[in-house]
Amino acid sequence: MLYMGNRRRFRDLSEQEVLALAISSEEDDARIYRSFAERLRADFPDTAAIFDGMAEEEDSHRRALIDLHRERFGDVIPLIRREHVAGYYARRPVWLTENLSLERIRDEAASMERQAERFYHMAAQNAQDADTRKLLGDLAAMEAKHEDTANQLEQEHLGDASRDEEDDRAKRQFLLTWVQPGLAGLMDGSVSTLAPIFATAFATHDPWTTFLVGLAASVGAGISMGFTEAASDDGELSGRGSPTKRGFASGVMTTVGGLGHALPYLIPHFWTATTIALIVVFIELWAIAWIQNKFMETPFLRATFQVVLGGALVFAAGALIGSG
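Residues numbered from 1 in each chain as written. Predicted model: local features only at pLDDT ≥ 70, side-chain atom pairs only at ≥ 80, totals over all residues. Heavy atoms only, no water.

Draft legend 1. Highlighting the overall build of the protein chain. When you go through the protein chain residue by residue, the secondary structure sums to 11 helices and two strands. The N-to-C order of helical and strand elements in the protein chain reads α-β-α-α-β-α-α-α-α-α-α-α-α. In the protein chain, buried positions account for 41% of the 324 residues. By sequence separation, contacts in the protein chain at least 24 residues apart represent 75% of the contacts at least 6 residues apart. (Helix = DSSP H or I, 4+ residues; strand = E, 2+ residues; numbered from the N terminus. Buried < 20%, exposed > 50% of the residue type's maximum accessible area, 1.4 Å probe, protein only. Contact = heavy atoms within 4.5 Å.)

Draft legend 2. Expanded view of the packing of helix H7 (residues 194–204) against helix H10 (residues 270–295). Two elements in contact, H7 and H10, have axes whose closest approach is 11 Å; the angle formed by their N-to-C orientations is 160°. In this view, H7 runs roughly antiparallel relative to H10, as classed from their interaxial angle. Here H7 runs over H10; the crossing is left-handed. Residues Leu194, Phe198, Ala201 and Phe202 of H7 lie in contact with H10, whose contacting residues are Phe270, Trp271, Thr274, Ala277, Leu278 and Val281. Looking at side-chain class alone, the contact of H7 with H10 contains nine nonpolar, one polar and no charged residues. (Axes fitted to C-alpha atoms, helices over the stretch in contact; angles between N-to-C directions. Parallel < 35°, antiparallel > 145°, perpendicular 65-115°, else oblique. Left-handed = near helix turned anticlockwise from the far one by under 90°. Nonpolar A, V, L, I, M, F, W, Y, C, P; charged D, E, K, R; others polar.)

Draft legend 3. Up close: the packing of helix H8 (residues 207–232) against helix H9 (residues 243–260). Interaxial distance between H8 and H9 falls to 7 Å at its minimum, and their mutual angle equals 160°. Here H8 is positioned roughly antiparallel relative to H9, judged by the angle of their axes. You can see that H8 and H9 cross each other, and the crossing is right-handed. Along the contact surface, H8 presents Leu215, Ser218, Val219, Ala221, Gly222, Met225, Gly226, Glu229 and Ala230, while H9 presents Pro243, Arg246, Gly247, Ser250, Gly251, Thr254, Thr255, Gly258 and Leu259.

Draft legend 4. Highlighting the packing of aromatic side chains. Tallying each qualifying case throughout the model produces eight aromatic pairs. Note on Tyr33 and Phe51: the rings are 6.0 Å apart at their centroids and 25° apart in plane angle, and the pair reads as stacked. Here Phe51 lies in helix H3 (residues 45–73) and Tyr33 lies in helix H2 (residues 15–40), a separation of 18 residues in the sequence. Among the residues examined, Tyr33 registers a relative accessible area of 0% and is labelled buried. Judged by its relative accessible area of 2%, Phe51 is buried. (Phe/Tyr/Trp six-rings, centres within 6.5 Å; stacked < 30°, edge-to-face > 60°.)

Draft legend 5. Expanded view of the pattern of salt bridges. For the structure on display, the rule yields 14 salt bridges. In this structure, Arg8 and Glu17 form a salt bridge, with 3.1 Å as the shortest nitrogen-oxygen distance. Arg8 gets classed as partly exposed once you look at its relative accessible area, which sits at 32%. We classify Glu17 as buried; its relative accessible area is 19%. Here Arg81 ties to Glu83 by a salt bridge, and the two come within 3.4 Å at their closest N and O atoms. Its relative accessible area of 23% is what places Arg81 among the partly exposed residues. Overlapping salt bridges bring together Asp28, Asp29, Arg31, Arg81, Arg82 and Glu83 as one network. (Salt bridge = Lys/Arg side-chain N within 4 Å of Asp/Glu carboxyl O.)

Draft legend 6. A look at H9. Along its 18 residues, H9 runs 26 Å from first to last C-alpha, staying within 8% of the 26 Å computed at 1.5 Å per residue. Of all the residues in H9, the buried ones are Arg246, Gly247, Ala249, Ser250, Gly251, Thr254, Thr255, Gly257 and Gly258. (Expected span 1.5 Å × (residues − 1).)

Draft legend 7. Inspection of the confidence of the model for the protein chain at higher detail. In the predicted model, the protein chain carries a mean pLDDT of 80, and 81% of its residues have values of at least 70. Within the protein chain, helix H1 (residues 2–5) has the poorest average pLDDT of any element, 44, and H7 the best, 91. (pLDDT = per-residue confidence, 0-100.)

Rendered as structure tokens:
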């Protein structure tokens, strides 16, 4: 809170400090673009080339700003950064962008340019000094040109064929890293927990005991599936992506799949809870078939038959064992 209270207001900055702030901002944006490029270079070389070009543009603008500062104020540039100024636009920490999709990174870059342009326009409108107003207007124009340059670089390095190829590769990576492990977890959690939950339900007719068994089965299966997925493949040779991400997706969806038909047994009336649990099971199995059809391109009827048949067999086993 003390740090926040010590931040300078933009309208209190001198013209030299505004220029220094612009220089540091250009440096930061060039680093971000180079980080994007390095992250994407192996899998998306055409998009990486776009960010290399944008980083070079930021460098050229920074040099122009430094030359202007040297001409007007000398060689010593004040140390002032965006975090020192209240209300100045923020940049997402680079380590938080590592999980962004390809399209989201492109949108993030466009947003960076729009934020900078909008901020300079607003600052120019509020400036009282004519020279400061002109300087801020020039900076806004520079940021607008950045976005135009990005579009030109995209046309140069990323034609329709290259863009479609990179988008397909990004979609495939998303499917392998998130959808496939998550779907496997949802199927395991939804189907494998049917037997212990409904066996307990029909054996005890006690909703609370059934819920506890369902909770234990769901959480245990989630932990097991998560660690199994993460440990089974490091993703280096298979290209399936981070084992941590895959393990997280598989473990969470396994737990969700089991809890779906365990939670109704928090209702104290046995047959009401069982009826709702069966409805939830139907919804879960339908959702699995829909995900298989949409993301894995499995024919809907075949996916439905496979899931319903498997679920019915497991449910029947649990009900027969519990009733016996």
